[in-house]
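# Notes for the structure review
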Amino acid sequence: MPAEHVDVLIVGAGLSGIGAAAHLRRNCPEKSYAILESREAIGGTWDLFRYPGIRSDSDMFTLGYSFKPWTRRESIADGASILSYIRETAREYGVEERIRFGHEVLGAEWSSEEARWTVRAERADGETVELTCDWLYGCTGYYRYDEGFSPKFEGAERFRGDVVHPQHWPEDLDYEGKRVVVIGSGATAITLVPAMAERAGQVTMLQRSPTYVVSLPGVEPFAGALRRFLPEKTVYAITRWKNVLLTSLSYQLSRRVPKLMKGILRRGVERQLPEGYDVNRHFKPSYDPWDQRLCVVPRGDLFKAIREGRADVVTDRIETFTEKGIRLESGEELEADVIVTATGLNMLVAGGIEIAVDGEERKFSETVGYKGMMFSGIPNLAIALGYTNASFTLKTDLVAEHLCRLLSYMDANGYRVATPREPHASIPREPFIDLKSGYVMRSLHELPKQAARAPWRLHQNYARDISLLKRGPVGDEIDFSRGPVRAPGAGETDEVAVAA
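Residues numbered from 1 in each chain as written. Predicted model: local features only at pLDDT ≥ 70, side-chain atom pairs only at ≥ 80, totals over all residues. Heavy atoms only, no water.

Counting buried positions along helix α5 (residues 187-197) yields nine of eleven residues, so the element is predominantly enclosed. Buried residues of α5: Ala-189, Ile-190, Thr-191, Leu-192, Val-193, Pro-194, Ala-195, Met-196 and Ala-197, and no others. (Buried < 20%, exposed > 50% of the residue type's maximum accessible area, 1.4 Å probe, protein only. Helix = DSSP H or I, 4+ residues; strand = E, 2+ residues; numbered from the N terminus.)

Here it is in structure tokens:
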């Protein structure tokens, strides 16, 4: 039996995958599509992560889809609300019926002779199945779902309590009234500490070095005021742009006048902490703002837990785990009943799918990214990656819209294949992501490169990407072809190469 064929095969049914399907329904309703999801549920990150306090680290007016207003009062939303929003979107656009759950994509091979991908997936029952598609669209996010980053801690086997990684939170973990140490200082740790402090006896955030932390309102007052006299769709659009501009201003100030931004952030922290608190030790990072992502705390909940004595911060390095907890290089020992290793994620491009073109393996690390969504020398393949300095969905929405424009352009001109060219060797190559967070630095060797100018430059700028992806040309620096025009053996040339 021939493999099932669809025009677009989406990998991943999380925030970006559901959004991609909705964009196809809205802009290319004639295209057939399916979604392969390795897990048994919609939602991706927002269904996988179940640790206490799980929430967005961006406001929902920018993390939400461009076409579906976020109508709840909360601006920084909890995981359950975000998951509900994703599921509601899937229902509205009839996406649920197109999802194949329990299908883990193992590999995909492009055939120039057939102008299509053949995709291998393993089902939950162990059976391997194949599908073919004209376009492969990876919406798997940027990290490994099966394991988080867990550095080796000396003496970890001696600890008598529970050791938990947030990515695999046990439902039956009992920390009521217990002593908890959370290792880490990123968004996950800063979320966990105040949430666990509500039930635990004491929670300590143990960090090697501080992170920039900013407190934002849990509810968006600006949107609340607008809702009194404007329709929801208009309120959403205005608030979305207001938040985009404020985030962009924060980023630009951080890059151009980092000293000023450091002062603004420090004053915000000082106002939230008790008098005499050692801000220099615990909340003064050694790097400039936005060298790593800023961490958001809604309603200052982390600082509130510190003020009330339910949580504290220790800045030191781990020497070894002990039977009772953790001994630090300073000689201090932190006693604990539960240790949470909020030590980060492992990045993974396109979900780790093995890619081949005409029988030759292609590694993303050997390519140059095109518009932050395609790769040099790899035809009819796109991925959805969000911003590092703004909400994930702002970028993935633009990518999905641009892909729909590209599909329509190809149909109008009779093209079947679109392959980004390799930029000229004289154009300098740079790391794909300009961020110094640990999870990025550990994975740079596995990521594609970017070049010094558009369309090979990965902009971290929403306004510029609107110009590039929403209004700019769709065929720049791409080689198009009409693909095979006759069955094999017809005796005529298979392809007509067209330079855009």
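Ranked by internal contacts, the top residues of the largest apolar core, which has 103 residues, are Ile-10, Ile-18, Tyr-137, Val-182 and Phe-283. With residues up to four places along the chain from it excluded, the contact list for Phe-283 reads Pro-210, Thr-211, Val-213, Val-269, Leu-273, Tyr-277, Leu-302, Phe-303, Ile-306 and Val-313. Counting residues in hydrophobic clusters, the runner-up holds 33 residues, among them Val-6, Trp-110, Trp-117 and Leu-458. (Core = buried A, V, L, I, M, F, W, Y, C linked by side-chain atoms within 4.5 Å. Contact = heavy atoms within 4.5 Å.)

Now for unusual backbone geometry. That bond from Ala-454 to Pro-455 is cis: its omega, 5°, falls within 30 degrees of zero. Mapped onto the elements, Pro-455 comes out in the loop between β24 (449-451) and α13 (462-471). Of note, the phi angle at Asp-358 is positive, near 50°, even though the residue is not glycine. Topologically, Asp-358 is positioned in the loop between β17 (354-357) and β18 (360-362).

Before going further, it helps to spend a moment on the sheet that holds strand β13 (residues 318-321). Hydrogen bonds between backbone groups are what pair the strands of a sheet, and the pairing can be parallel or antiparallel. With antiparallel pairing, the three strands of this open sheet are ordered in space as β13-β14-β15. Each edge of the sheet is formed by a strand with only one pairing partner; in this case those strands are β13 and β15 (333-335). Between one strand and the next, the sheet's axes are offset by a mean angle of 20°, whatever the strand orientation. (Pairing = 2+ DSSP bridges. Axes fitted to C-alpha atoms, helices over the stretch in contact; angles between N-to-C directions.)

Here we take up the layout of surface pockets. Of the pockets and cavities examined, the second largest pocket occupies roughly 900 Å³. Lining the second largest pocket we find 38 residues, and of these Val-214, Leu-216, Leu-246, Thr-247 and Ser-250 sit closest to its centre. For the lining of the second largest pocket, the elements supplying multiple residues, two or more each, are β10 (213-216), α7 (232-256) and α8 (258-272). The greatest single-element share of the lining of the second largest pocket, amounting to eight residues, is contributed by α8. (1 Å grid on protein atoms, 1.4 Å probe; cavity = no way out; pocket = protein on both sides within 12 Å on 5 of 7 lines; lining within 4 Å. Points joined across faces, edges and corners; volume = space filled by probe spheres on them.)

Okay, the pairing of strand β14 (residues 325-328) next. Across three bridges, the pairing between β13 and β14 is antiparallel. By the bridge assignment, Ile-318 is partnered in β14 with Leu-328. Where β13 hands over to β14, the hairpin turn is made up of three residues, counted between the paired strands. Note that β14 and β15 share three bridges and pair antiparallel. Of the residues in β15, the one forming a bridge with Gly-325 is Glu-335.

The next subject is the side chain of Thr-140. Tracing the sequence through the fold places Thr-140 in the loop between β6 (128-138) and β7 (162-164). Thr-140 sits in the buried class, given a relative accessible area of 16%. Beyond its immediate sequence surroundings of up to four residues, Thr-140 is in contact with Val-11, Tyr-145, Ala-350 and Gly-351.

Summed over all chains, the structure comprises 19 aromatic pairs. Pairing Phe-61 with Tyr-236 gives two aromatic rings, centres 6.1 Å apart and planes at 40°, and the pair type is tilted. Remark: Tyr-236 occurs in helix α7 and Phe-61 occurs in helix α3 (residues 60-63); sequence separation between them is 175 residues. Across the pair, exposure class does not vary: Phe-61 and Tyr-236 are buried alike. With centroids separated by 6.4 Å and ring planes inclined at 85°, the aromatic side chains of Phe-159 and Phe-321 adopt a geometry described as edge-to-face. (Phe/Tyr/Trp six-rings, centres within 6.5 Å; stacked < 30°, edge-to-face > 60°.)

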